[in-house]
Amino acid sequence: MENWDEIKTAYQVARMGTVSGAADVLGVHHATVIRHIDALEGRLGVKLFQRHARGYTATEAGQDLLRVAQATDDQFSQLAGRIKGLGDEVSGDLVITSLISLAPRMVPLLAGFQALYPDVVVRYLTGERLFRLEYGEAHVAIRAGTAPDQPDNVVQTFHHQHMGLYATRGYLETHGTPTSLADLKHHRFVGHDNDQSRAPFNRWLRAHVPPEAITFRSTDNRALDIAVKSGAGIGFVAVLEAQADPDLVEVLERQADWAAPLWLVTHVDLHRTTKVQAFLSFLKEQAKDWEV
């Protein structure tokens, strides 16, 4: 049927036996009930009810409609119960998205969460693309940079991602170590190919290093990290990741304004679900001592 409201109205009239009773259940004016019944009978070309002084009695056609509507209403009630039950459980897919540079910390943490909730299927998505929470592409996003401003998202402060300028020992043995900003133009750099990148360290690099000195470029942050570790030049690497690589040497003193704030982002429709709240609580507790 094109108008489910009319069927719901007819179902309540058949169940209650009166227009006023159906109107009370549906929370509408009695004139709306009469209009729905008249429209539905006109569309079907049959009388669904016999009108009399005591109210409305369903005809044979009305009884058929009542049985179908009853079954449909029961199915909707069962569906609502299942959906509510899923919302109360910590199970099923848990989709988390973050920068790839956070993977060394996030993967052990996600494994720890899954150990507590073995019915959870973890999907950890990384990459440059901004996953759309409003389309259900992720339950929780960890994002860097300026605070996300989508109106339907719940945004919470998390940490800062600290960045440093690094090069391999081999690169420094061959090209020397810069000791001042003036030295930078004599070196080779690894940098993002997008000149419009808003990451604070990328802005700093564009402001202090001549374009011709940025000799290895990519739009993939993981590729940039690998390029630095391969000796292609000096480049920004997350401190967390660089400290795990003994071949990387920090070049120049780290600056506070290179750090990017990290935000926890959830969609308002999922924020209060048991699964998301359980993960957020676990993440905040486990990440208290993070130095990222």
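Residues numbered from 1 in each chain as written. Predicted model: local features only at pLDDT ≥ 70, side-chain atom pairs only at ≥ 80, totals over all residues. Heavy atoms only, no water.

A. Geometry of the overall build of the protein. Secondary structure summary: the protein contains 11 helices and 12 strands in total. Relative to its length of 292 residues, the protein is extended, with a C-alpha radius of gyration of 31 Å against a globular reference of 19 Å. Along the first, second and third principal axes, the C-alpha atoms of the protein reach 100 × 40 × 25 Å. The buried share of the protein, taken over its 292 residues, is 41%. Of the contacts made within the protein by residues no fewer than 6 positions apart, 72% connect residues no fewer than 24 positions apart. Surface accessibility of the protein: about 15,900 Å² in total, with carbon and sulfur atoms responsible for 51%. In the protein, which carries 29 positive and 36 negative side-chain charges, the distance between the mean positions of the two groups comes to 3 Å. (Helix = DSSP H or I, 4+ residues; strand = E, 2+ residues; numbered from the N terminus. Rg over C-alpha atoms; globule rule 2.2 N^0.38 Å. Buried < 20%, exposed > 50% of the residue type's maximum accessible area, 1.4 Å probe, protein only. Contact = heavy atoms within 4.5 Å. Areas by Shrake-Rupley, 256 points an atom, 1.4 Å probe, with all protein chains shown as cover. Lys, Arg positive; Asp, Glu negative; His and termini not counted. Charge placed at Lys NZ, Arg CZ, Asp CG, Glu CD.)

B. Structural detail: the nonpolar core. If you look at the biggest cluster of nonpolar residues, it comprises 22 residues, and the most contacted ones within it are M106, F113, I142, F158, F279 and L283. It is helix α11 (residues 274–286) that provides the largest number of residues to this core, a total of 6 residues. Sequence-distant contacts of F113, that is, excluding residues within four places in its chain, are made with V90, L94, V120, K275, A278, F279 and F282. Of all hydrophobic cores here, the second largest spans 19 residues; its members include L165, V209, A213 and A238. (Core = buried A, V, L, I, M, F, W, Y, C linked by side-chain atoms within 4.5 Å.)

C. Structural view of the pairing of strand β7 (residues 163–168). Where burial is concerned, most of β7 is hidden: 6 out of the 6 residues are buried. Here β7 shows two buried faces, one formed by M163, L165 and A167 and the other by G164, Y166 and T168. When β7 meets strand β10 (residues 235–238), the two strands line up antiparallel, connected through 4 bridges. Pairing of L165 across the sheet is with F236, part of β10. Note: β7 against strand β11 (residues 248–250), 3 bridges, orientation antiparallel. Its bridge partner being in β11, T168 is matched across the sheet by L248. (Pairing = 2+ DSSP bridges.)

D. Structural detail: the sheet that holds β11. Taken in spatial order, the 3 strands line up as β10-β7-β11 in an open sheet, and their pairing is antiparallel. Of all the strands in the sheet, just β10 and β11 have a single pairing partner and so form its edges. Averaged over all pairs of adjacent strands, the angle between their axes in this sheet comes to 55 degrees, without regard to strand direction. (Axes fitted to C-alpha atoms, helices over the stretch in contact; angles between N-to-C directions.)

E. Representation of the packing of helix α1 (residues 4–16) against helix α2 (residues 19–26) within the structure. Relative orientation of the contacting elements α1 and α2 amounts to 125 degrees, with a least axis distance of 8 Å. By the angle between their directions, the pair α1 and α2 is classed as oblique. Both α1 and α2 take part in a crossing whose hand is right-handed. Contacts between α1 and α2 involve T9, Q12, V13, R15 and M16 from the first element and G21, A22, V25 and L26 from the second. (Parallel < 35°, antiparallel > 145°, perpendicular 65-115°, else oblique. Left-handed = near helix turned anticlockwise from the far one by under 90°.)

F. How the structure looks around the pattern of salt bridges. In this structure the tally under the stated criterion is 11 salt bridges. The partner of R51 in a salt bridge is D38, with the nearest N and O atoms 3.3 Å apart. One end of the pair, R51, is in strand β1 (residues 49–52); the other, D38, is in helix α3 (residues 30–44), with 13 residues separating them in the sequence. Residue E250 pairs with R254 through a salt bridge whose shortest N-O separation is 2.9 Å. Owing to a relative accessible area of 30%, E250 belongs among the partly exposed residues under this scheme. Judged by its relative accessible area of 36%, R254 is partly exposed. Through salt bridges with shared partners, a single ionic network connects D38, E41, K47 and R51. (Salt bridge = Lys/Arg side-chain N within 4 Å of Asp/Glu carboxyl O.)

G. Representation of helix α8 (residues 221–229) within the structure. Considered for burial, the residues of α8 that qualify are L224, D225, A227 and V228. Within α8, the buried residues cover an arc of 160 degrees as seen down the axis, which keeps them to one side. Lining the buried residues of α8 we find β7, β8 (189–192), β9 (214–218), β10, α9 (239–242) and β11. Where α8 begins, the side chain of D220 points an oxygen toward the backbone nitrogen of R222, at a separation of 2.7 Å. Just downstream of α8, G231 is the residue with a positive phi angle, here 85 degrees. (Arc of directions from axis to C-beta. Polar contact = N/O pair within 3.5 Å; in protein donor to acceptor, adjacent residues only side chain to side chain.)

H. Structural detail: the packing of α2 against α3. Where α2 meets α3, the closest approach of the two axes is 8 Å, and the angle between their N-to-C directions is 105 degrees. Here α2 lies roughly perpendicular to α3, going by the angle between them. Between α2, through V19, A22 and A23, and α3, the contact on the second element is made entirely by H30, V33 and I34. For the contact of α2 with α3, the per-class residue count stands at 5 nonpolar, 1 polar and no charged. (Nonpolar A, V, L, I, M, F, W, Y, C, P; charged D, E, K, R; others polar.)

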